[in-house]
Amino acid sequence: MPERIVVPFGPQHPVLPEPIHLDLVLEDEKVVDVIPSIGYIHRGLEQLVQKREFTEYVYVAERICGICSFMHALCYCQGVEHIMGIEVPDRAKYLRTIWSECSRLHSHLLWLGLFADGMGFENLFMRSWQLRESVLDVLEDTTGGRVIQGTCKVGGVRRDIEKGKLDEMHRALDPFEEKCREIGDVFLNDDTVKYRLQGLSVLSKDEAYALGAVGPTARASGVPMDHRETGYAAYGDLGFKPVVETAGDCYARCAVRVKEVYASIDLIRRAIEQIPEGPLDVKVKGTPDGEYFSRVEQPRGEVIHYLRGDGTKHLARARIRTPTLANIPPLVKMLPGAQLADVPVVVLSIDPCISCTER
Amino acid sequence: MTVNEEQTTISVALEDLTREVEALHAGGYRLVQIGCTDIGGAYEINYSFDKDYQYRNLRLTVGPDIEVPSISGIYWGAFVYENEMHDLFGIPVTGINIDFKGTFIRTAQKYPFSVTRRGGDPCRNA
């Protein structure tokens, strides 16, 4: 029997700018067990809810993550709105959907670049991030912020996108999709990519469900679960079908994200075509008294903001369960059997966001 | 097609927790999260489950030093939430499949959200 050794992976590692630590138990080059550790940068942002008024906490919620920042704000606002019985105007719902899908686009393109980098495919990495830049430019143009948008608020949105700008965005979608399909074709059909990813760290459908996997990690294993199906924001009007793959390997997790890029472009296109005229927000009266588990589908999967108000201007509790925390047990199960050299690619395949996890 | 989401919450006693969780597991529910809330000297622990967007929440209320049994024998992935519960709130959880003994989340101050153990005393997980 080969001698077992423990190799530390992280908390500082070239493929991950954020700190997560894995103790990899190896037999020769093969991983046989994994023990994860987090908590190096825990910020305690949940407790700030007791010091910020419920309308101000949106700014804190948005800063939980630098990638899906808009969706954290959206999830928080939807939770407060549900508790207070606030009906958001339709135009605000469509704008929220457009910005959410822009966030998903730039998050997936960021991930595709990092994943290509993890595979050693530098040119593909640069092409992916080049396309991501154009999404960030749209976000900056329409909200004023590339990373933190600050447009979502309790009761609606702060900014409108004028018709001329929406038309400009619509015209830009076709050439943008064409470029995305060019790099998507490489991710999906290139022999070296397939050779590197297919059959690597398979997570079966039953395992993914039993371990509580969410987002592309779950959908790549055949679990057809996407919270956009519940029709929050404008998804109910636009119609939505989750992207699902069945192989459960690293290639399938990559394929789901590539196809979700196309799906997001289509959603933005239809949202621009169908967006109604009308007000952007409603006046918020009173204070939240009650509780709600607000759920939104982020790029990495389902995020939950449990919010509880006691009738004062400060919420009594905000508990945020981010998708990466839910995807750590599946990661621990999918790593054994992989070679040490494949560990960075497998870890990246769940698209870990430690900033979210260390909220 | 839009799916309607429903959320239900039921209170459970400490001695019934494992049985109720086993019933949900047998019913095909996935574990969504476990989260704690300080309710003025005691803790409310929400065990959340989901099946086809139907959200079921088991609510357990315990005193600050009451040991809570782990459900990681039923839901393997529960260890992340139970270690978090211990490390942030100082709630002793017995029988976690991967028990980090207080080192899963390495905060500068031990048990930062605990009502009685803030600042730290040794890990009491059995």
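This text follows the structure it describes.
Read on for a plain summary of the structure. (Residues numbered from 1 in each chain as written. Chains lettered and ligands numbered in written order. Predicted model: local features only at pLDDT ≥ 70, side-chain atom pairs only at ≥ 80, totals over all residues.)

1. Brief notes about the overall build of chain A
Quick reminder of the rule: Helix and strand assignments follow DSSP, with helices taken as H or I runs no shorter than four residues and strands as E runs no shorter than two, numbered in order from the N terminus. Buried, partly exposed and exposed are defined by the number of other C-beta atoms within 10 Å of a residue's own C-beta, namely 20 or more, between the two limits, and 12 or fewer respectively, with C-beta atoms placed from the backbone. Any two residues are considered in contact once their C-beta atoms, placed from the backbone, lie within 7 Å.
In terms of helices and strands, chain A carries 13 helices and 8 strands. On the principal axes, the C-alpha backbone points of chain A span a range of 70 × 45 × 30 Å. For chain A, the residues scored as buried account for 54% of the 359 residues in total. In chain A, once contacts between residues fewer than 6 apart in sequence are set aside, the share between residues at least 24 apart is 69%.

2. Comments concerning the sheet that holds strand 3 (residues 43-51) of chain B
The strands making up a sheet associate through hydrogen bonds between their backbones, and the pairing can be parallel or antiparallel. Residues and elements named next belong to chain B. Condition: At least two bridges found by DSSP between two strands are what make those strands a pair. The angle between two axes is taken between their N-to-C directions and runs from 0 to 180 degrees, where each axis is a line fitted to C-alpha atoms and a helix contributes only its stretch in contact.
Taken together, the 4 strands give an open sheet; going across it, the order is 1-4-3-2, and neighbouring strands pair in mixed fashion. The sheet is open, and its two edges are formed by strand 1 (6-12) and strand 2 (30-38), each paired on a single side. Put simply, the sheet's adjacent strands are angled 20° from each other on average, direction ignored. Inspection of the sheet shows strand 3 paired to strand 4 (residues 54-62) by 9 bridges, in the antiparallel sense. Paired with Ser-48 across the strands is Asn-57, a residue of strand 4. Each of strand 1, strand 3 and strand 4 touches helix 1 (residues 17-26); the most contacted strand, strand 4, lies at about 170° to it.

3. Overview of the environment of Leu48(A)
All names here are of chain A. Mapping Leu-48 onto the fold places it in the loop between strand 3 (30-37) and helix 1 (57-62). The exposure class of Leu-48 is partly exposed, given the 17 C-beta atoms found within 10 Å. Taking the C-alpha atoms as reference, Leu-48 lies 11 Å from Val-58; in sequence the two are 10 residues apart.

4. Describing the environment of Leu267(A)
Residue and element names in this part refer to chain A. For Leu-267, the position within the fold is in helix 10 (residues 250-274). Linking Leu-267 and Leu-325, residues 58 residues apart in sequence, is a C-alpha distance of 27 Å. If near-sequence neighbours (up to four positions away) are discounted, Leu-267 is found in contact with Thr-97, Glu-101 and Leu-238.

5. Quick notes on the sheet that holds strand 7 (residues 301-310) of chain A
Residue and element names in this part refer to chain A. Pairing in this open sheet of 3 strands is antiparallel, and the strands run 6-7-8 from one edge to the other. Of all the strands in the sheet, the pair left with one neighbour each is strand 6 (289-298) and strand 8 (315-321). Adjacent strand axes in the sheet meet at a mean angle of 10°, parallel and antiparallel pairs treated alike. Bridging between strand 7 and strand 8 involves 6 bridges; their strand directions are antiparallel. For Arg-308, the partnering residue across the bridge sits in strand 8 and is Arg-317. Along the sheet face, helix 11 (residues 323-334) touches strand 6, strand 7 and strand 8 and points at about 130° away from the line of strand 7.

6. Digging into the packing of helix 3 (residues 90-119) of chain A against helix 10 of chain A
All names here are of chain A. Selection rule: Angles below 35 degrees are treated as roughly parallel, those above 145 as roughly antiparallel, those between 65 and 115 as roughly perpendicular, and all remaining angles as oblique. The handedness criterion is simple: a crossing whose near helix is rotated anticlockwise from the far helix by less than a right angle is left-handed, and one whose near helix is rotated clockwise is right-handed. Throughout this entry, Asp, Glu, Lys and Arg are counted as charged residues, while Ala, Val, Leu, Ile, Met, Phe, Trp, Tyr, Cys and Pro are counted as nonpolar. The remaining residues, Gly among them, count as polar.
Helix 10 packs onto helix 3 with a crossing angle of 155° between their chain directions and a minimal axis gap of 9 Å. By the angle between their axes, helix 3 is roughly antiparallel relative to helix 10. The way helix 3 lies across helix 10 gives a crossing that is left-handed. Counting all contacts with helix 3, which are made through Tyr-94, Thr-97, Ile-98, Glu-101, Cys-102, Arg-104, Leu-105, His-108, Leu-109, Trp-111, Leu-112 and Phe-115, the residues of helix 10 involved are Cys-254, Arg-257, Val-258, Glu-260, Val-261, Ser-264, Leu-267, Ile-268, Ala-271 and Ile-272. Within the contact of helix 3 with helix 10, the residues separate by chemical class into 15 nonpolar, 3 polar and 4 charged.

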